Amino acid sequence: MNIKAGLVGLPNVGKSTLFNALTKAGVPAENYPFCTIDPHVAITHVPDERLEKLTALYKSKKIVSADMMFVDIAGLVKGASQGEGLGNQFLSHIREVNLIIHVLRCFENPNIVHTSSTIDPLSDLEIIQQELMLKDVESIQKRLEKIESLAKAAQQKPAEKKQLEAERELLNRIFNAINNFDTTAIKSILDTTTVQTVPLLSTKNFIIVANLDEEHVSQQQRQENKHYQELIKKFGTSRVIPLCVKLEQELSELPQEQAQQLMDELNMHESGLTHIISTSYRELGMITFFTCGPQETHAWPIPKGITIRQAAGEIHSDFERGFICAEVYNYTDVIALGSEQKVKESGRARTEGSGDIVQDGDIVLIKFNI
């Protein structure tokens, strides 16, 4: 499954440096976490300590991690929704991502020019959100025009006409919320309706990278950074990732041993890049199931809540089409008991039908017939 996150930010906030850190953190080789697949896209493995343990247990020759894709989206300026700067390119790329990663500048440096006279990450974020909403207005207006013509053709089709009227009402409510630049109201409206309509840019899920200077990297030092504290106050610690982008780039260019030594000196438990990946995965509502054997241990990313038959289709379309059942047991059981055979003997292995929901950490063997 393709999981795509887009790095978004105003000029000189550290977005390109962060992307460079992602692309330089490895080379296009199987044993390294990052590789660049074109000048503006980096693909990375999702860190998962369970893979190493399963590989050792099954004596697998190969590890296949779950992957995520990061897109360096063209820089945004005020007026992007009307085509200013690279606005059209920016907005078209936003449509393609599953998650927006807002990179916000939270450091003072007179040598690095900012688009405004003062550093204000909340104001920067507001500019981006307003441009997304203004582009949504254009989409809504086009859809309303289409609804009018469809409604005329559906005069003798009561069910279709009713559906179009419901969508028209929904779009008018969203339009009013956009006019007030109220993102909370927009999301609330969409969360409480079953009516389907055009996808909106301003409702995409997002996380925030607070780009700090090196003096504010530690948890104690971050308390002194007023910009970071403002972001935390508004969005909470689960959605805001504090890191120094410049430091992350330096770490990405060091050999692993030296990078770890520097992280230890700075009391960093994990790199900021790892934090971004794991947070993005969580915010997208993704879980991982595994297929294991002597040839390979393979991590498969899927949205939380899908059935075992749908999950089988992620492995191969034939598995979903000819699905019979699946033999399933969980990572925690096989690690605790020490082998697949002992899990079966303990009665913790399950035979699941097509409608059963996959749980994070499930190890599955699909039985099918084509």
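Quick note: structure is the one above.
Given the structure is predicted, the values throughout are model-derived calculations rather than measurements.

Enquirer: Please explain the nonpolar core as it appears in this structure.
Expert: A general tendency of soluble globular proteins is for nonpolar side chains to be buried together. Of all hydrophobic cores here, the largest spans 61 residues; its most connected members are M68 and I101. Once residues within four sequence positions are removed from consideration, M68 is found in contact with I3, A5, A42, I43, T44, V46, I277, S280, Y281 and L284. Residues I140, L144, A154 and A177 belong to the second largest nonpolar core, which totals 16 residues.

Enquirer: Looking at this structure, how should I read the pairing of strand β11 (residues 323-330)?
Expert: Two faces belong to every sheet, and in a regular strand the side chains alternate between them. Extensive coverage of β11 is indicated by the burial of seven of its eight residues. Where β11 lies against strand β12 (residues 350-352), three bridges are found, and the strand directions are antiparallel. What sits directly across from E327, in β12, is T351.

Enquirer: In this structure, what is going on with the pattern of salt bridges? I would like to understand it.
Expert: Side chains carrying opposite charge are able to pair once their charged atoms draw close together. Summed over all chains, the structure comprises 17 salt bridges. The shortest N-O distance in the salt bridge between E138 and K135 comes to 3.4 Å. Within this pair, E138 and its partner K135 are both found in helix α4 (residues 121-153), separated by three residues, close to a single helical turn. Accessibility expressed as a relative area gives 31% for E138, which makes it partly exposed. Measuring nitrogen to oxygen at the nearest pair gives 3.3 Å for the salt bridge that ties E340 to K344. In this pair, E340 and K344 are both assigned in helix α15 (residues 340-346), four residues apart and thus about one turn of the helix distant. On the accessibility criterion, E340 (26% relative accessible area) is partly exposed. Judged by relative accessible area, K344 falls into the partly exposed class, the value being 36%. Connected via shared salt-bridge partners are D48, R50 and D360.

Enquirer: Mind showing me how you'd approach empty space enclosed by the protein here?
Expert: By rolling a water-sized probe across the atoms, one finds the places where empty space is left. Inspection of the entire model under this criterion finds two cavities of 30 Å³ or more. In this model, the largest cavity occupies a volume close to 40 Å³. Every residue along the wall of the largest cavity is listed here: I308, V328, R350, E352, D356, I357, V358 and D362. Tallied by class, residues from the lining of the largest cavity come to four nonpolar, no polar and four charged. Approximately 30 Å³ is the volume attributed to the second largest cavity. What lines the second largest cavity is simply V46, D48, L51, S65, A66, Y281, T288 and A299.

Enquirer: What am I meant to see in the layout of surface pockets here?
Expert: There is about 490 Å³ of room inside the second largest pocket. If you list the elements that add at least two residues to the lining of the second largest pocket, you get α7 (219-222), β8 (240-243), α9 (245-253) and α11 (272-283). It is β8 that provides the largest number of residues to the lining of the second largest pocket, a total of three residues. Per-class residue counts for the lining of the second largest pocket are 10 nonpolar, eight polar and three charged.

Enquirer: Can you help me understand the environment of N180 in this one?
Expert: With respect to the helices and strands, the residue N180 is situated in the loop between α5 (158-179) and α6 (183-191). Reaching out from N180, the side chain makes a polar contact with the backbone oxygen of N176 at a distance of 3.3 Å.

Rules used in this analysis
Residues numbered from 1 in each chain as written. Predicted model: local features only at pLDDT ≥ 70, side-chain atom pairs only at ≥ 80, totals over all residues. Heavy atoms only, no water. Core = buried A, V, L, I, M, F, W, Y, C linked by side-chain atoms within 4.5 Å. Buried < 20%, exposed > 50% of the residue type's maximum accessible area, 1.4 Å probe, protein only. Contact = heavy atoms within 4.5 Å. Helix = DSSP H or I, 4+ residues; strand = E, 2+ residues; numbered from the N terminus. Pairing = 2+ DSSP bridges. Salt bridge = Lys/Arg side-chain N within 4 Å of Asp/Glu carboxyl O. 1 Å grid on protein atoms, 1.4 Å probe; cavity = no way out; pocket = protein on both sides within 12 Å on 5 of 7 lines; lining within 4 Å. Points joined across faces, edges and corners; volume = space filled by probe spheres on them. Nonpolar A, V, L, I, M, F, W, Y, C, P; charged D, E, K, R; others polar. Polar contact = N/O pair within 3.5 Å; in protein donor to acceptor, adjacent residues only side chain to side chain.

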